[in-house]
Amino acid sequence: MNFLKRFYTWLIFAFLYAPIVVLIVFSFNDSKSRGSWDGFTLKWYLELFQDREILTSLYYTLAIAIISSLIATLIGTIAALAIHNMKKVQKTVVMNVTYLPVLNPDIVTGISLMLLFIFIQLPLGFFSLLLAHITFNIPYVILSVLPKIKQLNKHLYEAALDLGATPIHAFQKVILPEIMPGIITGFLLAFTLSLDDFVISFFTTGSGVSNLSITIYSMARRGIHPTINALSTLLFLAVLVLLIVVNNRISKDNNAKERVA
Amino acid sequence: MRMKWVAYPYLVWAVLFTVVPLFLILFYSVLQQTDNGWRFTWEFFQKCTQPIYLKVLWRSVYLAFLSTLVCLLLGYPMAMILSNMQLSKKNFFVLLFVIPMWMNFLLRTYAWMTLLERKGLINTVLGYLHLPSLNILYTDQAVILGMVYNFLPFMVLPIYAVLDKMDKSLIEAANDLGANNFTVFRKIIFPLSIPGVLSGITMVFMPAVTTFVISRLLGGGQYTLIGNLIEQQFLVTGDWNFGSALSIIMMILILLSMSVMSRYEKENEGGMLW
Amino acid sequence: MKKNIKLIFLLLVFSLLLIPLTGCSDQKKPVLHVYNWGDYIDESVIKDFEKKYNIKVIYDTFATNEDMYVKIRSGGGNYDVVFPSEYMIKKMLNESMLAEIDLKNLPNYQKIDSQFKNLSYDPANKYSIPYMWGTVGIIYNKNMVKEPVDSWQMLWNPKYKKQILMMDSQRDSIGVTLKLLGYSLNTKNNQELEKAKLKLIEQKPLVLAYVVDEVKDKMIGGEAALAVVWSGDAIYMKRENPDLEYVVPKEGSNLWFDAMVIPKTTKHKKEAEMFINYMCSPEVAAKNANYIGYSTPISQAREKLPPEIKNDLDAYPDQAVIKRCEVFDDLADSLAKYDRIWTEIKAAQ
């Protein structure tokens with residue numbers, strides 16, 4: 001059984017990482033084309049650091065992704081808690097409204113948000129882009145947190161109150177830890193969606209604020225420049241290293257705790 | 001837990017940024033600008049019912065359905081494996097699972113083309129091993145592979161989140177009462193995980209119906225999907241009326257199919273749809 | 001647990017602090033908003049322009065003409081210089097979206113080759129100045145296609161079943177078919193369009209895929225035998241794979257242009273004209289042509305290019321070829337017809 005689990009896990013991860021490996025390999029390709037391998041080179045990495053446009057896009061992409069995910073997680077979690085407690089009719093209405101940005105094709109969301117921003121005379125730029133991202137992120141947070149709330153044992157909260165805890169204290173110590181996996185999942189999903197969005201971002205930004213997706217998709221007619229491959233490789237390695245470092249620290253913490261206990 | 005007032009910030013946001021744009025679409029789908037002002041008409045909805053457009057719609061739904069199914073079949077076991085891991089490894093692997101999604105979607109799809117091409121990497125490797133070559137690029141299978149690849153984490157993560165904090169004592173109790181692993185799964189684990197499963201299905205099926213980049217690149221643009229069609233209306237033909245009508249039809253369709261599925265939710269708190 | 005919350009808070013605060021930084025701008029320097037295709041300019045040219053004229057350039061990119069059009073039409077962009085394609089220029093002109101360019105402010109305008117001035121989409125060049133141009137044709141692999149290729153009919157040859165790549169673009173694919181049938185690629189005639197539709201449906205089983213830019217990598221990698229491409233891409237492909245050849249078929253083809261325009265809503269017309277003028281200077285145009293690999297309409301710039309490019313008949317074809325090519329016109333109301341036909345072609349089994 002264990003072997004089967006291991007094999008399956010490896011298979012799925014191989015499936016997930018195969019394209020990433022291809023991307024990394026081709027970032028060292030001396031040719032601009034995916035169709036031929038012309039030799040090993042680091043020139044795309046060098047070009048990357050001189051490309052003002054790509055680096056600016058990278059900055060905006062990360063900034064928007066982090067900020068919008070955090071805000072969306074905050075609003076979404078609170079909303080999910082409130083929705084859970086609503087009466088049936090109200091709940092149905094609010095849930096359906098929540099789904100709308102998810103249901104709509106990106107182009108519809110993108111254009112309608114753009115029209116809205118123009119109507120209220122909000123100049124298209126960083127702030128409008130941020131608002132758009134938060135808007136389409138919130139439903140995913142709600143969808144992640146709500147199942148966890150449903151899973152909660154209703155009586156735990158009441159028990160905590162009976163034992164003398166204030167509502168906020170009870171919330172912090174009882175509910176929050178239980179729904180935390182949902183919150184984190186929601187944050188991760190929101191972050192992921194934000195990083196990759198093109199259509200909605202394209203129509204809701206302006207004034208030189210571009211994210212990576214826009215820069216990449218705009219190259220679609222010409223063919224994607226290998227500097228993008230180089231950038232993706234660097235990003236991937238950075239995240240991987242970060243992950244390993246954080247993981248090591250946490251397991252050291254856990255080991256320390258176990259020794260103390 | 002009387003925290004309803006807390007929902008107000010979200011509700012305000014939702015009304016402003018979700019409902020208002022929706023009204024724009026509704027507006028365009030039935031009102032046509034003529035020289036004498038606006039006139040109400042059903043003709044755009046009627047246009048949607050022409051056989052050729054129904055064919056496009058059906059195709060999109062069919063592909064999305066298959067992709068969601070494959071995602072569920074592949075994703076559920078993965079979620080189970082992840083939730084059963086030791087604490088130290090668990091978070092690490094979950095993040096490892098999500099990280100590929102942080103690479104740009106277009107780039108990853110191009111990478112799949114490099115892998116799946118006739119003279120692509122997979123076939124090169126298969127050639128070395130003297131195995132028959134795999135020619136699935138530009139077929140439905142390639143499109144489904146692409147969609148599954150893109151949406152798998154959206155299926156796995158909600159299911160994982162639910163399975164993770166499942167009350168293990170229930171499983172132990174069932175085992176004590178003599179149930180084998182399969183029965184435990186069927187009677188306890190799966191039913192309790194349904195909220196997560198439904199979330200996952202929602203987050204996969206809906207975008208899968210409207211996506212079209214994958215079918216354009218991996219499917220060779222062989223057919224138009226509803227996502228293409230809507231985009232074409234808004235961008236190329238400038239027929240926002242027809243595009244809006246199509247969007248509304250698609251929304252209604254998805255809402256209907258989701259409501260069918262939510263019947264399976266035992267708790268039936270009406271928290272999903274309708 | 002608490003540590004995590006603190007960390008998250010710090011992150012949030014830190015991120016919010018970054019926002020003001022993004023709003024910084026040099027109020028003293030005039031600002032120019034440029035809207036162009038991705039990877040369609042030599043970036044050093046922008047830096048040089050900024051230094052020379054002390055103007056700050058804010059550079060945005062778009063993926064397709066249609067995306068750009070919807071954005072500008074809806075009022076969602078304060079762009080001063082835009083680089084649309086010819087049919088889109090005609091459309092924007094018809095909808096009064098463009099500002100007149102004062103040619104007196106563009107001394108470099110004379111440097112443009114006379115055959116690229118006064119084109120059908122903008123006679124007298126009152127609204128646009130050409131930037132890059134080219135033809136549409138067939139690229140084929142010499143090793144896979146032994147017969148001479150000189151006609152669009154080659155793309156309908158059953159011998160090359162599933163080895164043919166067509167463009168996933170309504171106007172290009174339908175246009176090419178119309179040319180094969182001897183019609184204009186701007187036709188609005190229902191019968192002609194119906195014939196083109198049937199011809200394309202007939203071709204469908206032979207087509208490997210309807211592609212966009214990935215056609216380049218596919219032909220270089222030898223995945224297909226024949227493809228419809230733009231001349232600029234063909235030059236690049238030939239360089240990467242010497243087995244490839246390009247031809248503009250005898251029935252005629254499309255002559256395309258990307259040009260610079262100034263939207264009516266501009267607030268920096270003078271700076272915009274300076275920019276356009278700068279782009280037409282031979283040194284700058286040569287830099288761009290070199291980087292992009294497409295053909296420049298400025299003959300002095302062409303002279304500065306390496307011999308293998310400037311003498312390449314595929315990059316700079318002779319009059320005979322240009323004469324049999326048509327420029328796209330704006331289809332206006334007939335766009336819906338083309339869209340319908342394209343959907344039917346795609347929906348056919």
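**Thoughts on the overall build of chain B**
Looking only at helices and strands, one finds 12 helices and 2 strands in chain B. Along chain B, helices and strands appear, N-terminal first, in the series α-β-β-α-α-α-α-α-α-α-α-α-α-α. The dimensions of chain B, computed from C-alpha atoms along their principal axes, are 75 × 65 × 30 Å. Looking at the 274 residues of chain B, the share that counts as buried comes to 48%. Across chain B, the fraction of contacts at a sequence separation of at least 24, relative to all contacts at a separation of at least 6, is 69%.

**Notes on the overall build of chain C**
When helices and strands are counted, chain C shows 14 helices and 10 strands. Taking the principal axes of the C-alpha coordinates as reference, chain C spans close to 65 × 65 × 40 Å. Considering chain C as a whole, with its 349 residues, one finds that 49% of them fall into the buried category. Taking the intrachain contacts of chain C between residues at least 6 apart in sequence as the baseline, contacts between residues at least 24 apart amount to 77%.

**Re the nonpolar core**
In terms of nonpolar packing, the biggest core is built from 248 residues, with Val 81, Ile 139 and Phe 275 of chain C touching the most fellow members. Sorting elements by how many residues they give to this core places helix α7 (residues 140-164) of chain B first, with 18 residues. Formed jointly, this core draws a minimum of three residues from each of two domains, domain 1 (26-132 + 257-316) and domain 2 (134-255 + 325-347) of chain C. Leave out the neighbours within four places in its chain, and Val 81 of chain C touches Leu 32, Val 34, Met 260, Ile 262, Ala 272, Phe 275 and Ile 276 of chain C.

**Let's talk about unusual backbone geometry**
At His 130 of chain B, a position not held by glycine, the phi torsion is positive, near 60°. Located in the positive-phi region is Lys 162 of chain C, a residue other than glycine, with phi close to 60°. Its location among the elements puts Lys 162 of chain C in the loop between β4 (128-141) and β5 (164-167). For Lys 162 of chain C, a count of 14 C-beta atoms within 10 Å translates into the label partly exposed.

**Some remarks on the pairing of strand β7 (residues 226-230) of chain C**
All names here are of chain C. Most of β7 is tucked away: 5 of the 5 residues are buried. Two strands pair when backbone bridges link them, and β4 and β7 are joined in this way by 5 bridges, in the antiparallel orientation. Residue pairing across strands places Val 136 opposite Trp 230, the latter belonging to β7. The pairing of β5 with β7 spans 2 bridges and is parallel. Bridge pairing in β7 places Ile 164 opposite Leu 226.

**Here we look at the domain arrangement of chain C**
Many analyses report the size of an interface as the accessible area lost when the parts associate. Residue and element names in this part refer to chain C. You can read the domains of chain C as domain 1 (26-132 + 257-316) and domain 2 (134-255 + 325-347). Averaged C-alpha coordinates put domain 1 and domain 2 at centres separated by 27 Å. If you look at the interface, domain 1 gives 15 residues, while domain 2 gives 12 residues. Among the residues making up the side of domain 1 that touches domain 2, the classes are represented as 6 nonpolar, 4 polar and 5 charged.

**So, the interface of chain A and chain B**
Each side of the interface is counted separately: chain A has 76 residues, and chain B has 71 residues. Contributions of two or more residues to the side of chain A that touches chain B are made by α1 (2-26), α3 (52-84), α4 (88-103), α5 (106-119), α6 (126-151), α8 (167-196), α10 (212-218) and α11 (226-260) of chain A. Ranked by residue count, the leading element in the side of chain A that touches chain B is α4 of chain A, at 12 residues. In terms of residue class, the side of chain A that touches chain B is built from 49 nonpolar, 19 polar and 8 charged.

**Focus on the pairing of β5 of chain C**
Residue and element names in this part refer to chain C. Side chains Ile 164 and Met 166 of β5 all project onto a buried face; the interleaved residues Leu 165 and Met 167 project onto the opposite face, where all are buried too. Summarising the sheet, β5 and strand β6 (residues 207-211) pair through 4 bridges and their orientation is parallel. Looking at β6, one finds that Met 167 is bridged to Val 211.

**Let's talk about the packing of helix α9 (residues 181-210) of chain B against helix α12 (residues 240-261) of chain B**
All names here are of chain B. Two numbers describe how α9 lies on α12: the axes approach to 11 Å, and their chain directions differ by 160°. By the angle between their directions, the pair α9 and α12 is classed as roughly antiparallel. In this structure, α9 crosses over α12, and the sense of that crossing is right-handed. Contacts between α9 and α12 pair Leu 198, Ile 201, Thr 202, Met 206 and Val 209 from the former with Met 250, Ile 254, Met 258 and Met 261 from the latter.

**Some words on the interface of chain C and chain B**
Listed by partner, the interface residues are 20 residues for chain C and 24 residues for chain B. Ranked by residues supplied to the side of chain C that touches chain B, first place goes to helix α14 (residues 335-347) of chain C with 7 residues. Taken together, the residues that form the side of chain C that touches chain B break down as 8 nonpolar, 4 polar and 8 charged.

**Some thoughts on helix α6 (residues 121-128) of chain B**
With 0 of 8 residues buried, α6 of chain B lies mostly on the surface of the structure. The positive-phi residue at the C-terminal boundary of α6 of chain B is His 130 of chain B, with phi of around 60°.

**Comments concerning the environment of Leu 16 of chain A**
Relative to the helices and strands, Leu 16 of chain A is located in helix α1. Setting aside its immediate chain neighbours within four residues, Leu 16 of chain A contacts Phe 97 and Pro 100 of chain B.

**Remarks on the packing of helix α5 (residues 170-180) of chain C against helix α6 (residues 190-203) of chain C**
All names here are of chain C. Following both chains from N to C, one finds α5 and α6 inclined at 105°, their axes separated by 9 Å at the closest point. Taken together, α5 and α6 sit at an angle that is classed as roughly perpendicular. Mapping the contact onto sequence places Ser 173, Ile 174, Thr 177 and Leu 178 in α5 and Glu 192, Ala 196, Lys 199 and Leu 200 in α6.

Rules used in this analysis
- Residues numbered from 1 in each chain as written.
- Chains lettered and ligands numbered in written order.
- Predicted model: local features only at pLDDT ≥ 70, side-chain atom pairs only at ≥ 80, totals over all residues.
- Helix = DSSP H or I, 4+ residues; strand = E, 2+ residues; numbered from the N terminus.
- Buried ≥ 20, exposed ≤ 12 C-beta atoms within 10 Å, placed from the backbone.
- Contact = placed C-beta atoms within 7 Å.
- Core = buried A, V, L, I, M, F, W, Y, C linked by C-beta atoms within 7 Å.
- Domains from an automatic or database assignment.
- Pairing = 2+ DSSP bridges.
- Nonpolar A, V, L, I, M, F, W, Y, C, P; charged D, E, K, R; others polar.
- Axes fitted to C-alpha atoms, helices over the stretch in contact; angles between N-to-C directions.
- Parallel < 35°, antiparallel > 145°, perpendicular 65-115°, else oblique.
- Left-handed = near helix turned anticlockwise from the far one by under 90°.

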